[in-house]
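Descriptive structure summary
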Amino acid sequence: MAPLLEIKDLHVGFTTDAGTVKAVDGVSYSVDLGETLAIVGESGCGKSVGALSVMGLLPHPAGKVLGGEILFGGTNLLNVSNLDMRHIRGKEIAMVFQEPMTSLNPLLTIGRQLTEGLELHMHMNSKQAQARAVELLELVEITDGARRLSQYPHHLSGGMRQRVMLALALSCEPRLIIADEPTTALDVTIQAQILELMKRITDESGMALVIITHNLGIVARYADTVNIMYAGRVVEGGTADEIYASPRHPYTRGLMRSVPRPDVPRTAKLEPIEGQPPDLMDLPPGCSFEPRCPHATDQCRAEAPPLLQITPGHTTACWLADQLEPATAVVSQLK
């Protein structure tokens, strides 16, 4: 069976006075119904830009898809008209944005923001949409839903606003939800509640979930599969258990070494990844991670490694993947 979402060799650029920024540079991956995929990487690696490309929400005119395909249910979304995309966006694919205070409209009540999509996509009348909105708030564990409908975003806490964002995403029963840093600015207790809620609801409904995050603990606990991105490219991908048990790319290993672990003495220092990400307007001819990699060779500097399968379901883009010493598994400590 074909994947629900399949991205093939996607290239996205942003035009600036200084040149074109290659925000996404040949990314390919797929997501099946019922699967939770995590996309991980530092700021500026292209995680969110890829998601905005799927939603058709790239800032215009600077942002532009330069090549590739985005297949959703077999349809290339890049060939869909703006009108048809409006019917897909929200109904078939929904997105939980990074910061709910800026994503929710401060001038509209919670009720109006929930009912608008229900009336447009589900063809409900006002009374039906109001009743469904209350059900959605209860689904995301917001109490006294009928009273909340008349409130505005500033009346709610950060955690409750994020729950409203999740209710909005779920309202039209989409087949795919993209959550872009869904726990930003939330304390750790609320983070756990939101993530457990998202995972439970998506598991029960059978929809696909893509989580974009920096948090490796989130990935270890909630994701089925993982894509590690660096400088606009996927450098490693596979099941969460495989990636955490046997990371093969030096960048993936560096990310894991920089995370505090309970099995390491408190006096031990974290190991940061030295250096800075490359300029996306002037990428090096070889591996983008080469200037920061302690294992780089002349081949790494001269030729960009392709993303190749090293074990079934586990891919990496590194010339030295089979030569590096085995890494210590960290998945059990992060879960």
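In case you missed it, the structure is sitting above this.
For the structure given in this document, a descriptive report is provided here. Bear in mind the structure is a predicted one, so any value in this text is a computation, not a measurement. (Residues numbered from 1 in each chain as written. Predicted model: local features only at pLDDT ≥ 70, side-chain atom pairs only at ≥ 80, totals over all residues. Heavy atoms only, no water.)

Examining the pattern of salt bridges
Scanning the model with the defined rule gives 17 salt bridges in all. Asp25 serves as the salt-bridge partner of Arg233, at 2.8 Å between the closest nitrogen and oxygen. Placement of the pair is Arg233 in strand β10 (residues 233-239) and Asp25 in strand β2 (residues 19-31), with a sequence separation of 208 residues. Overall, the relative accessible area of 24% leaves Arg233 in the partly exposed class. A salt bridge links Glu119 to Arg112, with the nearest nitrogen and oxygen atoms 3.3 Å apart. Here Glu119 falls in the partly exposed class, since its relative accessible area comes to 27%. (Salt bridge = Lys/Arg side-chain N within 4 Å of Asp/Glu carboxyl O. Helix = DSSP H or I, 4+ residues; strand = E, 2+ residues; numbered from the N terminus. Buried < 20%, exposed > 50% of the residue type's maximum accessible area, 1.4 Å probe, protein only.)

A closer look at helix α8 (residues 188-205)
Between the first and last C-alpha of α8 there are 26 Å, a value that for 18 residues agrees with the 26 Å anticipated at 1.5 Å per step. Among the residues making up α8, those that are buried are Gln191, Ile194, Leu195, Leu197, Met198, Lys199, Ile201 and Thr202. Where α8 is buried, its residues contact β3 (36-40), α5 (126-139), α7 (158-170), β7 (176-180), β8 (208-213) and α9 (216-222). The opening residue of α8, the one whose side-chain oxygen lies 3.1 Å from the backbone nitrogen of Thr189, is Asp187. (Expected span 1.5 Å × (residues − 1). Contact = heavy atoms within 4.5 Å. Polar contact = N/O pair within 3.5 Å; in protein donor to acceptor, adjacent residues only side chain to side chain.)

Here's the deal with the sheet that holds strand β1 (residues 5-16)
Here 4 strands make up an open sheet; going across it, the order is β2-β1-β4-β5 and the pairing antiparallel. Looking along the sheet, the strands with just one partner apiece sit at the ends: β2 and β5 (75-76). In this structure, strand β4 (residues 63-72) lies alongside β5, joined through 2 bridges in antiparallel fashion. Among the inter-strand pairings, Phe72 is bridged to a residue of β5, identified as Thr75. Sheet strands in contact with helix α1 (residues 47-55) are β1, β2 and β4, and its direction is about 110° off that of β1. (Pairing = 2+ DSSP bridges. Axes fitted to C-alpha atoms, helices over the stretch in contact; angles between N-to-C directions.)

Quick word on the pairing of β7
In terms of burial, β7 is a largely internal element, 5 of the 5 residues being buried. Along β7, one buried face is formed by Leu176, Ile178 and Asp180 and the opposite face, lined by Ile177 and Ala179, is buried too. The sheet contact formed by strand β6 (residues 93-96) and β7 spans 4 bridges and is parallel. Among the inter-strand pairings, Val96 is bridged to a residue of β7, identified as Ala179. In this sheet, β8 lies alongside β7 in parallel orientation, the contact comprising 5 bridges.

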